[in-house]
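Chains, contacts and geometry: an overview
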Amino acid sequence: MACVLEAPLRMSVLSEVTASSRHYVDRLFDLDPQKVLQGVIDMKNAVIGNNKQKANLIVLGAVPRLLYLLQQETSSTELRTECAVVLGSLAMGTENNVKSLLDCHIIPALLQGLLSPDLKFIEACLRCLRTIFISPVTPEDLLYTDGTVISHLMALLSRSPYTQEYICQIFSHCCKGPDHQTILFNHGAVQNIAHLLVSTSYKVRMQALKCFSVLAFENPQVSMTLVNVSVDGELLPQIFVKMLQRDKPIEMQLTSAKCLILTTLPCLVRMCSKDRLLEERVEGAETLAYLIETDVELQRMASITDHLIVMLADYFKYPSSVSAITDIKRLDHDLKHAHELRQAAFKLYASLGANDEDIRKKIIETENMMDRIVNGLSESSIKVRLAAVRCLHSLSRSVQQLRTSFQDHAVWKPLMKVLQNAPNEILVVASSTLCNLLLEFSPSKEPILESGAIELLCSLTQSENLALRVNGIWALMNMAFQAEQKIKSDILRGLSTEQLFQLLSDSDVNVLMKTLGLLRNLLSTRPHIDHIMSTHGKQIMQAVTLILEGEHNIEVKEQTLCILANIADGTTAKELIMTNDDILQKIKYYMSHSNAKLQLAAMFCISNLIWNEEEGSQERQDKLRDMGVVDILHKLSQSSDPNLCDKAKTALQQYLA
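Basis of the calculations
- Residues numbered from 1 in each chain as written.
- Predicted model: local features only at pLDDT ≥ 70, side-chain atom pairs only at ≥ 80, totals over all residues.
- Heavy atoms only, no water.
- Axes fitted to C-alpha atoms, helices over the stretch in contact; angles between N-to-C directions.
- Helix = DSSP H or I, 4+ residues; strand = E, 2+ residues; numbered from the N terminus.
- Parallel < 35°, antiparallel > 145°, perpendicular 65-115°, else oblique.
- Left-handed = near helix turned anticlockwise from the far one by under 90°.
- Contact = heavy atoms within 4.5 Å.
- Nonpolar A, V, L, I, M, F, W, Y, C, P; charged D, E, K, R; others polar.
- Core = buried A, V, L, I, M, F, W, Y, C linked by side-chain atoms within 4.5 Å.
- Buried < 20%, exposed > 50% of the residue type's maximum accessible area, 1.4 Å probe, protein only.
- 1 Å grid on protein atoms, 1.4 Å probe; cavity = no way out; pocket = protein on both sides within 12 Å on 5 of 7 lines; lining within 4 Å.
- Points joined across faces, edges and corners; volume = space filled by probe spheres on them.
- Lys, Arg positive; Asp, Glu negative; His and termini not counted.
- Salt bridge = Lys/Arg side-chain N within 4 Å of Asp/Glu carboxyl O.
- Phe/Tyr/Trp six-rings, centres within 6.5 Å; stacked < 30°, edge-to-face > 60°.
- Lys NZ or Arg CZ within 6 Å of the ring centre and 35° of its normal.

1. Quick notes on the packing of helix 6 (residues 77-91) against helix 9 (residues 119-133)
Contact pair helix 6 / helix 9: the axes reach a minimum separation of 9 Å and the direction vectors enclose 15°. Our classification of the angle between helix 6 and helix 9 gives roughly parallel. Our pair here, helix 6 against helix 9, has a crossing hand that is left-handed. Two secondary-structure elements touch here, helix 6 through Thr77, Arg80, Thr81, Ala84, Val85, Leu87, Gly88 and Ala91 and helix 9 through Lys120, Phe121, Ala124, Cys125, Arg127, Cys128, Thr131 and Ile132. Looking at the contact of helix 6 with helix 9 residue by residue, the class counts come to nine nonpolar, four polar and three charged.

Rendered as structure tokens:
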């Protein structure tokens, strides 16, 4: 049998081939079957845990001979079994080993071996197949090339705990996508594997569980089937729940939780259909919203199950004029509780659209969706208003929708109304949404500014609620980005110096970082830098000093040094740094700091101060040279960090020009 080996492997290993390795291979060709068997057993003992020996034997041609012996009907069952064991051991080496085994067509040989009546030989072949299939270099499709293989593997599941463990493991690793799921499902994988969940062997139970988690992944058909399958009178979901108990190993708890979610999800979607009672539809949607809230894969799976996105649109039409409800009492009850359906639909739409752009697009394209959200923002029920705001917040994460649907429906108007007088829980979500609407590419930014948003946001920064403080300053930061000078001045006036200091000394690092981000955005473009520093320079320099002296993390100090670099870029503003020896010493200190980010930020300050083309550059260069800055630049020009090295060399060129 031809065996193609990769040239790099041959070259790297041949030089280290030893006489003893050659001796092992030579014994495989002995005319005495007993000596061949003993040679294979000795080879087995020699390769255990020895990757070098494995590579040597592969290079010397052991694999084709072992496969030949394994396939010969004249070989004893014991010899064939030992050959399978050695091949399995070779497969446990490097990925190159597995490639070499695949090149020698090991998989067809092992699959052929599964037709043997001998259980020990079958188990050895399966163990080797398992090792090969779990390797990342093995194409999964090799399992599906012959239609009879899957059927035979299903039949072997009943033979022993080992066959069960290995076959489940092979299925788990080779089930990649809907095509593979369908093949396994159609061959009765669910029914054949279900009873293994109650096996006395932990390994078998665990591999069966993993198999189900892969089979049901993003596959409603499999998930719905699992729900109705029972083992010894117990439904599979009940078995999964038992496996979640705290006395079970964490691996089992996690995998059973995944299986439980995958099987529960289609049932919850079915609860949302319009032929169910109002209470069921509400509970189904709310439970689903909670379940998928943070998991993007579950969100995708739910969105494609039973046309859920379209199905939820019916929640807003209930009860319709042609309602099938003939019971007057029931109709009266449902009319009073119809708002609960709208609340549940908004919640579920919010969870569905939390991460995926395509799902958001489908939600917004659902009939009258934006109008329904706008109406929801002004409903009398506080719970519906909160759910509508959550839905809007989720959809506002889409750049595309901010530019189109949000602008077409002027959603900023009802949102600003909600922000005027609402409880904190609504304010938090509404202000988060406003942060997104104030991003520079959002067409809503300008009308929001004109509607008095600055005053509102400045008031939020004074809130005792941390989330509101963060959102208030975050929205102002977005507002200040590439803004006109008037807007920047209005922000500073609205905040007041006292409040700015309050935010810069806030105990929460998020508030501090967003406030520094705001300052950085305010201090951009030279005319704006000079104007703001002429009116607020003293206070800003004071704040910068305070932070650089304080016990703050690297990110905070880096952001502060970047603010200084912006000030240093001003025409007149840079003098506030040059006349402040304390600040200059701090910049010098950070140039030699152990953290490269801080060094780089300090270097930006220096570069902006010494730039040749600007008035007064010679005096500034001389002062900084006297402080020892040039010596530090020379050291940094030899840095192993390419960014630091380049920045230092660029700065030194300013001295030479």
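Back to the text.
2. Examining the nonpolar core
Within soluble globular proteins, side chains that are nonpolar generally end up buried alongside one another. Formed by 225 residues in total, the largest nonpolar core has its most connected members in Phe212, Leu352 and Leu564. Those residues within four positions of Leu564 in sequence are excluded, and the remaining contacts are Met541, Val544, Leu548, Ile577, Ile583, Ile587 and Cys605.

3. Overview of empty space enclosed by the protein
Under the definition given, this model contains one cavity of 30 Å³ or more. Roughly 40 Å³ of volume is contained in the largest cavity. As for the largest cavity, its lining consists of Leu492, Leu495, Ser496, Thr497, Leu500, His536, Gln539 and Ile540. When residues of the lining of the largest cavity are traced back to their parent elements, those giving at least two are helix 32 (485-495), helix 33 (497-504) and helix 35 (526-549). The element contributing the most residues to the lining of the largest cavity is helix 35, with three residues. Tallied by class, residues from the lining of the largest cavity come to four nonpolar, four polar and no charged.

4. As for the side chain of Lys514
Relative to the elements of secondary structure, Lys514 occurs in helix 34 (residues 509-522). As a buried residue without a salt bridge, Lys514 has its nearest oppositely charged side chain in Asp508, at a separation of 8.6 Å.

5. Some thoughts on the packing of aromatic side chains
Scanning all chains against the criterion turns up three aromatic pairs. Centroid distance Tyr589 to Tyr590: 4.9 Å. Interplanar angle 70°. Geometry classified as edge-to-face. We classify Tyr589 as exposed; its relative accessible area is 52%. Assessed through its relative accessible area of 4%, Tyr590 is described here as buried. Seen from the ring of Trp474, Lys514 lies directly overhead, with NZ or CZ sitting 4.4 Å from the centre.

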